[in-house]
Amino acid sequence: MTSFPINSLFSRLALVLMVSFLLLGLMLVQLSRQLDASFQEQVTQKLHLSLAEHIVHEGPLFIEGKPDPAAVERAFHNMMILGKGFEFYLLAPDGTLLNYSAPPEKIRRKRIPTAAIEQVLAGQSTLPLRGPDPRDPIREKVFSVAPVMIDGQMLGYLYIIINGEIYDSVAAQVADSAWLPFALLMLGSGALFLLASTLGLFAWLTRPLSRLSDAIGAMETQGFKTPSLALNTPGAAREVRQLEQAFNTLSHRLQLQYRKVKSVDEMRRELLAHVSHDLRTPLASLQGYLETWMLQQRKGQQPDPAYVEIAQQNAAKIHKMVDQLMELARLESDQVPMRIESVSIAELVQDVLQKYRPAAEAKKVLLDVSPKDPGLQVAADIEKLERVFTNLVDNALRHCHSGDSIRIQLLQDDQLVKVSVSDSGIGIPASDLPHIFDAHYKAANSIRGDAAHSGLGLAITKRLLALHKSSIEVSSKVQQGTEFRFTLPLA
Ligand SMILES: Nc1ncnc2c1ncn2[C@@H]1O[C@H](COP(=O)(O)OP(=O)(O)O)[C@@H](O)[C@H]1O
Ligand SMILES: [Mg+2]
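Residues numbered from 1 in each chain as written. Chains lettered and ligands numbered in written order. Predicted model: local features only at pLDDT ≥ 70, side-chain atom pairs only at ≥ 80, totals over all residues. Heavy atoms only, no water.

Quick look at the site of ligand 1
- Taken together, 20 residues lie near ligand 1, and Asn395, Arg398, Ser446, Gly455 and Leu458 sit nearest.
- Between a nitrogen atom of ligand 1 and a side-chain N or O atom of Asp423, the distance comes to 2.9 Å.
- At the level of secondary structure, the elements contributing two or more residues to the shell around ligand 1 comprise helix 9 (382-398), helix 10 (457-467) and strand 14 (481-489).
- Broken down by element, the shell around ligand 1 gets its largest block of residues, 3 residues, from helix 9.
- Class assignment for the residues of the shell around ligand 1 results in 8 nonpolar, 9 polar and 3 charged. (Near = heavy atom within 4 Å. Polar contact = N/O pair within 3.5 Å; in protein donor to acceptor, adjacent residues only side chain to side chain. Helix = DSSP H or I, 4+ residues; strand = E, 2+ residues; numbered from the N terminus. Nonpolar A, V, L, I, M, F, W, Y, C, P; charged D, E, K, R; others polar.)

Comments concerning the packing of aromatic side chains
- By the definition in use, this model includes 5 aromatic pairs.
- For the pair Phe389 and Phe486, a centre-to-centre distance of 5.9 Å together with 50° between the ring planes defines the contact as tilted. Of this pair, Phe389 sits in helix 9 while Phe486 sits in strand 14; the two residues are 97 residues apart in sequence, bridging distant segments of the chain. In this structure, Phe389 and Phe486 share a single accessibility class: buried.
- Arranged with centres 6.2 Å apart and planes meeting at 85°, the rings of Phe437 and Phe484 form a pair that is edge-to-face. Of this pair, Phe437 sits in the loop between strand 12 (416-423) and helix 10 while Phe484 sits in strand 14, placing them 47 residues apart in sequence. The residues Phe437 and Phe484 share a single accessibility class, namely buried.
- Site record: aromatic cluster; members linked through ring pairs are Tyr89, Phe143 and Tyr159. (Phe/Tyr/Trp six-rings, centres within 6.5 Å; stacked < 30°, edge-to-face > 60°. Buried < 20%, exposed > 50% of the residue type's maximum accessible area, 1.4 Å probe, protein only.)

Observations concerning the packing of helix 8 (residues 345-363) against helix 9
- Where helix 8 contacts helix 9, the two axes come as close as 10 Å, and the packing angle between them is 30°. What the angle tells us is that helix 8 and helix 9 run roughly parallel. Where helix 8 crosses over helix 9, the handedness of that crossing is right-handed. Two secondary-structure elements touch here, helix 8 through Ile345, Leu348, Val349, Val352, Leu353, Lys355, Tyr356, Ala359, Ala360 and Lys363 and helix 9 through Ile382, Leu385, Glu386, Phe389, Thr390, Val393, Asp394, Leu397 and Arg398. (Axes fitted to C-alpha atoms, helices over the stretch in contact; angles between N-to-C directions. Parallel < 35°, antiparallel > 145°, perpendicular 65-115°, else oblique. Left-handed = near helix turned anticlockwise from the far one by under 90°. Contact = heavy atoms within 4.5 Å.)

Some thoughts on the sheet that holds strand 6 (residues 140-150)
- Spatially, the 5 strands line up as an open sheet ordered 4-3-7-6-5, and their pairing is antiparallel. A strand with exactly one partner marks an edge of an open sheet, and here the two such strands are strand 4 (97-100) and strand 5 (130-132). When the angles between neighbouring strand axes are averaged without regard to direction, this sheet yields 40°.
- Note that strand 6 and strand 7 (residues 153-161) share 8 bridges and pair antiparallel. In the strand pairing of strand 7, Val148 is matched with Gly156. (Pairing = 2+ DSSP bridges.)

Focus: the nonpolar core
- Judged by nonpolar contacts, the single largest core of 56 residues is most densely connected at Ile345, Phe389, Ile408, Leu410, Val419 and Phe486.
- If one sorts the elements of this core by residue count, helix 8 sits on top with 8 residues.
- Counting residues domain by domain, this core receives three or more from each of domain 2 (238-331) and domain 3 (338-489).
- Apart from the residues lying within four places of it in its own chain, the contact partners of Ile345 are Leu376, Val378, Leu385, Phe389, Leu410, Val419 and Leu488.
- Grouped together as the second largest cluster of nonpolar side chains are 20 residues, Val56, Phe62, Met79 and Val142 included. (Core = buried A, V, L, I, M, F, W, Y, C linked by side-chain atoms within 4.5 Å. Domains from an automatic or database assignment.)

Here's the deal with a nonpolar patch on the surface
- There is a patch of nonpolar side chains on the surface, built from Leu24, Met27, Leu28, Leu31 and Leu35 and spanning about 530 Å² of accessible area.
- As for its placement among the helices and strands, Leu28 is situated in helix 1 (residues 9-48). (Patch = residues over 30% accessible without salt bridge, like charges linked within 9 Å, V, L, I, M, F, W, Y side chains within 5 Å. Areas by Shrake-Rupley, 256 points an atom, 1.4 Å probe, with all protein chains shown as cover. Salt bridge = Lys/Arg side-chain N within 4 Å of Asp/Glu carboxyl O.)

Quick notes on the sheet that holds strand 12
- Strand order in this open sheet of 5 strands is 9-11-12-14-13, and the pairing throughout is mixed. The strands lining the two open edges of the sheet, one partner per strand, are strand 9 (366-370) and strand 13 (473-477). Across the sheet, the axes of successive neighbouring strands diverge by a mean angle of 15°, strand direction being ignored.
- Here strand 13 runs beside strand 14; their pairing, made up of 5 bridges, is antiparallel. Counted as the bridge partner of Ser476 is Thr482 from strand 14.

Description of the domain arrangement of the protein
- Segmenting the protein into domains produces domain 1 (49-163), domain 2 (238-331) and domain 3 (338-489).
- One C-alpha centre belongs to domain 1, the other to domain 2; they are set 121 Å apart.

What to know about unusual backbone geometry
- Cis geometry is adopted by the peptide bond preceding Pro371, which originates at Ser370 and carries an omega value of -5°.
- By secondary structure assignment, the location of Pro371 is in the loop between strand 9 and strand 10 (377-381).
- Non-glycine residue Lys364 carries a positive phi angle of around 60°.
- Residue position: Lys364 is located in the loop between helix 8 and strand 9.
- Of note, the phi angle at Gln479 is positive, near 70°, even though the residue is not glycine.
- Relative to the assigned elements, Gln479 resides in the loop between strand 13 and strand 14.

A few points about helix 3 (residues 69-80)
- With 12 residues, helix 3 should reach 16 Å at 1.5 Å per residue; the first-to-last C-alpha distance of 16 Å fits that figure.
- For helix 3, every residue scored as buried is listed here: Ala71, Val72, Ala75, Phe76 and Met79. The buried residues of helix 3 occupy an angular sector of 130° when projected down its axis, which confines them to one face. Structural note: helix 3 exposes Pro69, Glu73, Arg74 and His77 on the side pointing more than 90 degrees away from its buried face.
- The secondary structure elements touched by the buried residues of helix 3 are helix 2 (51-58), strand 3 (87-91), strand 4 and strand 7. (Expected span 1.5 Å × (residues − 1). Arc of directions from axis to C-beta.)

Quick word on the side chain of Glu87
- Within the secondary structure, Glu87 sits in strand 3.
- Looking at Glu87, its side chain comes within polar contact range of the side chain of Tyr89, at 3.2 Å.
- One polar contact links Glu87 to Arg135, side chain to side chain, over a distance of 3.4 Å.
- Excluding residues within four positions of it along the chain, Glu87 makes contact with Ser101, Asp133, Arg135, Tyr159, Ile160, Ile161, Gly164 and Glu165.

Next up, the structure:
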């Protein structure tokens, strides 16, 4: 399990949630206490609403228009039996306190407003209705009230505070001892539950993120050698899924790029190794024949002119290889100048075939181009296009036997000219086909011939066509022949 430092997302989330929860909890506790109090007041007021009226009917509290102390005393005393919660006041019609059941020092008002009393007597109010408390200048309490009538004359009110001072103090004691542990228990267990659910929620939310960070970590340590795991967390949120997809695409691209860079690098190294190997043979031969020739001369013998000729042939081979290498290097650099112009492609092909005609006739191989229409014009760099055909025809001729044929077909198709160079020669094994355009690749059945063949021809050809924004394709069958195809834009 991961630890959660204070600045982690989880700690912050948990802190905010806990504080909000505690505040909300305290507010709820307060609210429910208030609701509870109001509910109790309503119940007690409803229960005791007619209490004052009953007492008034018990017996006259006034004598000759004034309060009868003895009667009042008796009535108050009787009422005490009901309980300690009640407080009794005898009021004049204007609210002046005439008599009461309390020690005089407790009384804080000589007169109380009668608005609430009149409201209750008129029966217009909804309960609980609070009236002024004579024992406090501002406090209000639920009450019961009845007018005192004698011979049809209203002499005053009997005003009873329900839930008086004693009730308050007892209620406060009980409330604190009952509410506090309950509220604490509720808040505590709520907070615990919240913490646990936040933890669960957080783990659930961040699981895909951890996987993502693991994947990135793996990428960092292993490089791009192994294919990185494709992330697809089931049930993950949409945003997380998008993130995962972005990561998958990114890692895929990086891997492709990495492989590409790596293969180019490997190819370069291989090429260098092969070329130096290929160069060594003609170079050794060149050196050997020259040394022999010099030795013969030093000995005073007549040196054999054939030796110089062979040395010269080897030098030509080396020359050709170096030329090809330099051409490929030049073509692979970024800035290759292109001189695009209208080229009569049938004429160009005829020129190339012309060069090979003596060799083809000697080998009894037929060379042909169709159609021979000089009007068919393509947009191309003529020198580079000539190199393309030279390479392809050179290869074809080398891999043909007597009686075979090499055909070049030109087919106009909309804005393009489709070019096909086919031969009926020995063909290329299927396993070699994907590689023949690699620099220095020679197929298993490759015929070396007597000239230097370093396997760069098709790599150069491919690159030359790429500069014309064209790609080259090959199809071949062993013992049946080979066909190379590409297209060129119509001029
Ligand atoms: N027309 C063809 N018929 C058979 N094999 C071919 C043909 N063209 C190319 N190849 C094969 O492709 C290889 C690569 O050709 P290329 O790059 O021109 O190199 P090189 O001509 O120096 O051998 C050849 O060595 C040969 O094996
Ligand atoms: Mg070649």
